[in-house]
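Here is how the chains run, residue by residue.
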Protein chains: 2
Amino acid sequence: MNHASPLELSRLRYQPPLPRILLSLEHLGLRASSPSELKEGCESIKQLFPRTYNQGPILFAAGEPEAKSARLRVGVVLSGGQAPGGHNVIAGLYDALKELHPGSTLLGFRGGPAGILKNETIEITAALIDNYRNLGGFDMIGSGRTKIEGQEQLLASLATADRCALDGLVIIGGDDSNTNAAHLAEFFLSAGSKTRIVGVPKTIDGDLKSREIEISFGHDTACKVYNELIGNLMRDALSARKYYHFVKLMGRSASHIALECALKTHPNLVLIGEEIAAAKTILDGLTHQIATLITERSAAGKEFGVILIPEGLIEFLPEIGSLIRELNTLLAREEIRTEVDRLSHIDERISVLCGHLSPDSALCFARLPYTTQAELLFERDPHGNVQVSKIATEQLLIATVTHELAKRAAAGIYRGSFHPVHHFFGYEGRSAMPSQFDCQYTYALGYTSALLINAHLTGYMATIHNLTQPCDVWQVGGTPITALMQMEERKGKRVPVVKKALVDLQGPAFKTLVRNRARWAKDDLFGYPGPIQFTGPQEVVGELPLTLILESQGAGTIA
Amino acid sequence: MNHASPLELSRLRYQPPLPRILLSLEHLGLRASSPSELKEGCESIKQLFPRTYNQGPILFAAGEPEAKSARLRVGVVLSGGQAPGGHNVIAGLYDALKELHPGSTLLGFRGGPAGILKNETIEITAALIDNYRNLGGFDMIGSGRTKIEGQEQLLASLATADRCALDGLVIIGGDDSNTNAAHLAEFFLSAGSKTRIVGVPKTIDGDLKSREIEISFGHDTACKVYNELIGNLMRDALSARKYYHFVKLMGRSASHIALECALKTHPNLVLIGEEIAAAKTILDGLTHQIATLITERSAAGKEFGVILIPEGLIEFLPEIGSLIRELNTLLAREEIRTEVDRLSHIDERISVLCGHLSPDSALCFARLPYTTQAELLFERDPHGNVQVSKIATEQLLIATVTHELAKRAAAGIYRGSFHPVHHFFGYEGRSAMPSQFDCQYTYALGYTSALLINAHLTGYMATIHNLTQPCDVWQVGGTPITALMQMEERKGKRVPVVKKALVDLQGPAFKTLVRNRARWAKDDLFGYPGPIQFTGPQEVVGELPLTLILESQGAGTIA
């Protein structure tokens, strides 16, 4: 850290407060609920997780400790994409372990779950963690996307846990990583291992959420980074009065980020993938919707605006979804790939492929703009699958809207001038310095993970309730991961997975959008949140995600 | 402002401090220097500006006031692209005018210089300006790119100044707008108008800079916004260890933004347009340079990195510059445009155009990636000119580097995996909330503009020296705009223009880059500046542009 910036140096000195209940571990008891409080029985899950299924959620509460504070050896791993606050989970975990017993040891597995399989560890010392407190990124120990799924990997993990003599293993990850954590917990119990498994809910996408998990960490900070930029673009659009900004936002499976950003910044239009899927809207329909917005604003003298688009949009459009599936099947065939690849001209490749597609998909493909066709043809993984994340949906929409506006101009319906600019905000938000909320939330999650391990619990996710209240009165506990799981089809097989939370079209956050969006389309009620602040008035520094506030008003806290 | 964010509300309450010298206007005198102190005589400029040329720079200093504080009517206009701090120039101007005389009036011209031509004004009241203090954007009165150049426009401006009975007109703009300001000042004097013209140096690009102007406003904030994002990407790259981020940064004529960002964030590579032009580097050379960086990092186990690219790069490459000029000439010919436009297949269009190009340019064009060819063909303005700003240089480099790495892989020289991600950071920074430096600098510039008008000076730019010192001891004054001008060829004619400052390859900022860049390429000494902070430790809130610090160490302050 010899080149730390002034702000980093300042952040390193910040000590996140702890929920009051965690301040005196000698008087920290446990309150357990019965499993039935959480969910109806799910036979398949129960059968697959016989040892970890019959657990209930727990809350820490003042009382007699279940287990006395022990000297613990714990491992920690970061799994999947970066989310702001990862380092603070580890800091909270470290501080709690040392508070429980000064002789405790924390090992970080390097480069994600692969580090477990290969037993690559680094000891987390005070000197090391003190260089990363309250900072973004996962670079202290790295992360990775290796999954721990099959028998071989479970056995390798067990061998590592044994060799490291781990009392516990904390897995910081999203829905897939927590699914893996549930398998590990069950497997370790069946093998008689002493290593307890605790998950921590991480994902900027916000799709690891349920009654038990109010929010995943990192979502707040990432949205705040995007909102700073969206607000800046809005102010710029309103000043220059001649650009339409098409902003694609990270979040492939769910549109939580787009929704939270819209609630804070009030764009002229935000597309919500879940709504588009439910309405079976096609590209033509979307194009008309956007062109009509632009036509109406132009008639009101406004040749500018801001439109938010979720990254996963293209897969929610039924005809493009079908086309992608057909292309994947076609390009998986060796002879087709050879036929296409030997053609030097792109136009010829397109003709050949169109000949093999169903008439609907051929028409859909033929009508796509040139660059999108090229992306569908060339951005393929080694199996021939189209890489959806590389399709520039924001540019596709710009192309179709430009075409539609030209038609309207020719028909005399539209007289404006359309200057689109496209953006993709994603990577910028994943490793940002965590907001006050994410600093405190992740520190408390890490701290709680140590306490769950100390209480001999396994297969739990660390959970914190009451998040819209000051940190002081947060409720701290754990939820059995199996209680968050359901059976889903993956690659043709029914498997148990932690459920992904999509945007609830009946929920208070989406309904707030619906109530306001007609005004946001016409009037320019843009919000300018500005950059994340770490010191200053609490109403600035402590701003919470609007989705969290709206959803907490609908629901209660668990008793 | 009924929907202002918490941070906006907090920023509205901020009162920028003033340089000490401006605190008591009753004792504010003037110290004038003779013109020769600034520059050698330039005969053409002298002849074109007979009334405003023979002026010297002035400094405000304790003493007897030149002119007593008067009730003034002043107009203000924002010209060109947004830059953070524009609203604070107007706030400083407003506050100074009211301090000089409570009966003074400030009129804002709407939508940029066109507002002067059409006499569209809005009175700046306390209620209005209080909604925009310390906030970004130019939306209070808008901006525009209309130029005031010809006789007709000068006369229209004079008519407006007369009708509004203006004592002064403040033009907030870049080099072109200040060139226009110089013409207006000379013309108004020749017409016997009482309206004094004062310019304010604005541009995020940083290319309005000289011995007399330490920095233009907005550059600091824009760079800080980009640096926040670049730092976030670096932290993400170092965490994920699998992406190369190609970041294009705004700044077409000069690479000051790329240089300042590099000095703060230490990328693995930064391209500086001025250096590339001086070395006559061609695209092939650049491609090899980048591919070699990636190859060497890959050999060291690093499949990630961050590369900064100035927006104007493509024009600095000699062979692409020639190609663009040839294409412009070709596509200006009606018969060629017709021939090309009637072809439906893009490949055919390319063949036809290549047939008309010189052999060198045809080869250059043929070797460009497909999307760049398409951009060169389709992104044309109504005159057939290629729109350079729409060429995605960052994607062009990704394409050529991908191709080169594939060749190296085939030859066994490179064994890595290359996952590039491209970004363009520009619009995000133009309307951001101004940093403390830009808040204070612009407020002082606005305040100074009022004092220059009150002192009956015209054809001056407000200038502030000693900027690396606390605001308290800043030196405040004005520089004759003509002293910043030189004769240049524009559209085949020699005309007087305010000189654009390019990156000085012998200057201390560039030399600092040269001294460090070999280490930055190999080691990952990334800097993480984080988001702009408005409260907190002064070493965080008051951070200055590194270029400004380095250049001030080389130069002295004027006496």
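In this text, all values refer to a predicted model and were calculated from it rather than measured experimentally.

1. Observations regarding the overall build of chain A
Thought 1: Per the secondary structure count, chain A includes 23 helices and 15 strands.
Thought 2: A compact globule built from 559 residues should have a C-alpha radius of gyration of about 24 Å, and chain A, at 25 Å, falls within 12% of that.
Thought 3: Counting over 559 residues, chain A shows a buried share of 62%.
Thought 4: Once local pairs closer than 6 in sequence are excluded, the contacts in chain A between residues at least 24 apart make up 79%.
Thought 5: Total accessible area on chain A stands at roughly 20,800 Å², and carbon and sulfur atoms take up 51% of it.
Thought 6: Averaged over its 55 positive side-chain charges, chain A has a centre that lies 1 Å from the centre of its 60 negative ones.

2. Observations concerning the domain arrangement of chain A
Residue and element names in this part refer to chain A.
Thought 1: Domain boundaries in chain A define domain 1 (8-37 + 47-218 + 434-482) and domain 2 (219-430 + 506-529).
Thought 2: Domain 1 and domain 2 are separated by 37 Å when their C-alpha centres are compared.
Thought 3: Tallying the contact residues gives 19 residues for domain 1 and 15 residues for domain 2.
Thought 4: Summing the contributions of domain 1 and of domain 2, the shared interface buries around 1,200 Å²; its carbon and sulfur component is 52%.
Thought 5: Looking only at domain 1, the three residues that lose the most surface to domain 2 are Gln 82, Ile 204 and Asp 205, adding up to 42% of its buried area.

3. A look at the relation of the copies chain B and chain A
Thought 1: The transformation that overlays chain B on chain A combines an axial shift of 0.0 Å with a rotation of 180°, and the residual RMSD is 0.1 Å. The two molecules are tied by a two-fold rotation axis, judged by turn and shift.
Thought 2: Looking at the interface residues of chain B, 100% of them are also at the interface in chain A, so both copies use one shared face.

4. Here we look at the interface of chain B and chain A
Thought 1: Each partner contributes residues to the interface: chain B has 59 residues there, and chain A has 59 residues.
Thought 2: Both faces combined, the contact of chain B with chain A buries some 4,900 Å², and carbon together with sulfur accounts for 53% of it.
Thought 3: At the surface where chain B touches chain A, the tally comes to 6 salt bridges.
Thought 4: In this structure, Arg 235 of chain B and Glu 8 of chain A form a salt bridge, with 2.9 Å as the shortest nitrogen-oxygen distance.
Thought 5: Between chain B and chain A we count 27 residue pairs in polar contact (both at pLDDT 80 or more) in total.
Thought 6: Counting only elements with at least two residues in the side of chain B that touches chain A, the list comes to α1 (6-12), α8 (219-240), α15 (346-356), β11 (420-425), α19 (427-430) and α22 (538-541) of chain B.
Thought 7: Among the elements that line the side of chain B that touches chain A, the one with the most residues is α8 of chain B, at 10 residues.

5. Description of the pattern of salt bridges
Thought 1: Summed over all chains, the structure comprises 54 salt bridges over all chains.
Thought 2: Linking Arg 133 of chain B and Asp 95 of chain B is a salt bridge whose minimum nitrogen-to-oxygen distance equals 2.9 Å. Of this pair, Arg 133 of chain B sits in the loop between α5 (126-129) and α6 (151-163) while Asp 95 of chain B sits in helix α3 (residues 86-100), and the two are 38 residues apart along the sequence. As far as burial versus exposure is concerned, Arg 133 of chain B and Asp 95 of chain B are alike and both buried.
Thought 3: Where Glu 334 of chain B meets Arg 337 of chain B, a salt bridge forms, and the shortest distance between an N and an O atom there is 3.5 Å. Placement of both Glu 334 of chain B and Arg 337 of chain B in helix α14 (residues 334-341) is noted, with a separation of 3 residues, approximately one turn of the helix.
Thought 4: The structure contains a network of salt bridges with shared partners spanning Lys 147, Asp 176, Glu 488 and Arg 490 of chain A.

6. A short note on the confidence of the model for chain A
The predicted coordinates should not be examined in detail at positions where pLDDT is low.
Thought 1: Of all residues in chain A, 97% attain a pLDDT of 70 or more, and the chain-wide mean is 93.
Thought 2: Note that pLDDT drops below 50 for residues 555-559 of chain A; the model gives that stretch 8 contacts with residues more than four away or on any other chain.

7. Concerning the sheet that holds strand β9 (residues 269-270) of chain B
All names here are of chain B.
Thought 1: Strand order in the open sheet made by the 4 strands is β9-β10-β8-β11, with parallel pairing throughout. At either end of the open sheet lies a strand with only one pairing partner, and these are β9 and β11.
Thought 2: Note that β9 and strand β10 (residues 305-310) share 2 bridges and pair parallel. Residue Val 270 lies in a different strand from β10, and its bridge partner there is Leu 308.
Thought 3: Docked against the sheet, helix α18 (residues 393-410) engages β8 (244-249), β10 and β11, running at close to 160° with respect to β11.

8. Side note on the environment of Ile 307 of chain A
Residue and element names in this part refer to chain A.
Thought 1: Mapped onto the fold, Ile 307 is located in strand β10 (residues 305-310).
Thought 2: Residues Ile 307 and Val 270, spaced 37 residues apart in sequence, show a C-alpha to C-alpha distance of 5.7 Å.
Thought 3: What Ile 307 contacts, discounting residues up to four positions off in sequence, is Tyr 244, His 245, Phe 246, Val 247, Leu 269, Ile 290 and Leu 293.

9. Re helix α11 (residues 283-299) of chain A
Thought 1: Here α11 of chain A spans 24 Å end to end across 17 residues, near enough to the 24 Å set by a 1.5 Å rise per residue.
Thought 2: Among the residues of α11 of chain A, Leu 283, Leu 286, Thr 287, Ile 290, Ala 291, Leu 293, Ile 294, Thr 295, Arg 297 and Ser 298 of chain A are the ones counted as buried.

10. So, the sheet that holds β10 of chain A
The pairing of strands in a sheet comes from backbone hydrogen bonds and takes either a parallel or an antiparallel form.
All names here are of chain A.
Thought 1: Across the sheet, 4 strands lie side by side as β9-β10-β8-β11; this open sheet has parallel pairing. Across the chains shown, the open sheet's two edge strands, defined by having one partner strand only, are β9 (269-270) and β11 (420-425).
Thought 2: In this fold helix α8 (residues 219-240) packs onto β8 (244-249), β10 and β11, with an angle of close to 170° to the strand it touches most, β8.
Thought 3: Packed on one face of the sheet, helix α9 (residues 256-265) meets β8, β9 and β10 and runs near 155° to β10.

11. Some points on the environment of Cys 223 of chain B
All names here are of chain B.
Thought 1: Relative to the helices and strands, Cys 223 is located in helix α8.
Thought 2: Residue Cys 223 is classed as buried on the basis of its relative accessible area of 2%.
Thought 3: Residues Cys 223 and Pro 545, spaced 322 residues apart in sequence, show a C-alpha to C-alpha distance of 8.3 Å.
Thought 4: Residues within four places of Cys 223 in sequence aside, it is in contact with Ile 257, Glu 260 and Cys 261.

12. Topic: the pairing of strand β12 (residues 460-465) of chain B
Note on strand geometry: in a regular strand, side chains alternate between the two faces of the sheet.
Residue and element names in this part refer to chain B.
Thought 1: Buried residues dominate β12, accounting for 6 of its 6 residues.
Thought 2: Residues of β12 alternate between two faces, with Tyr 460, Ala 462 and Ile 464 on one and Met 461, Thr 463 and His 465 on the opposite face, all of them buried.
Thought 3: Relative to β12, strand β7 (residues 196-201) runs parallel, the two being bridged by 2 bridges. By the bridge assignment, Gly 199 is partnered in β12 with Met 461.
Thought 4: Across 6 bridges, the pairing between β12 and strand β13 (residues 475-480) is antiparallel. Counterpart to Met 461 in the pairing with β13 is Thr 479.

13. Topic: unusual backbone geometry
Thought 1: The backbone of Ala 165 of chain A sits at a positive phi, close to 55°, despite the residue not being glycine.
Thought 2: When you line up the elements, Ala 165 of chain A lands in the loop between α6 (151-163) and β6 (168-173).
Thought 3: Positive phi is not limited to glycine here, since Arg 241 of chain B has a value of about 55°.
Thought 4: Among the structural elements, Arg 241 of chain B can be located in the loop between α8 and β8.

Reading the values: rules and limits
Residues numbered from 1 in each chain as written. Chains lettered and ligands numbered in written order. Predicted model: local features only at pLDDT ≥ 70, side-chain atom pairs only at ≥ 80, totals over all residues. Heavy atoms only, no water. Helix = DSSP H or I, 4+ residues; strand = E, 2+ residues; numbered from the N terminus. Rg over C-alpha atoms; globule rule 2.2 N^0.38 Å. Buried < 20%, exposed > 50% of the residue type's maximum accessible area, 1.4 Å probe, protein only. Contact = heavy atoms within 4.5 Å. Areas by Shrake-Rupley, 256 points an atom, 1.4 Å probe, with all protein chains shown as cover. Lys, Arg positive; Asp, Glu negative; His and termini not counted. Charge placed at Lys NZ, Arg CZ, Asp CG, Glu CD. Domains from an automatic or database assignment. Buried area = accessible area lost by both parts, 1.4 Å probe. Least-squares fit on C-alpha atoms with pLDDT ≥ 70 in both. Salt bridge = Lys/Arg side-chain N within 4 Å of Asp/Glu carboxyl O. Polar contact = N/O pair within 3.5 Å; in protein donor to acceptor, adjacent residues only side chain to side chain. pLDDT = per-residue confidence, 0-100. Pairing = 2+ DSSP bridges. Axes fitted to C-alpha atoms, helices over the stretch in contact; angles between N-to-C directions. Expected span 1.5 Å × (residues − 1).

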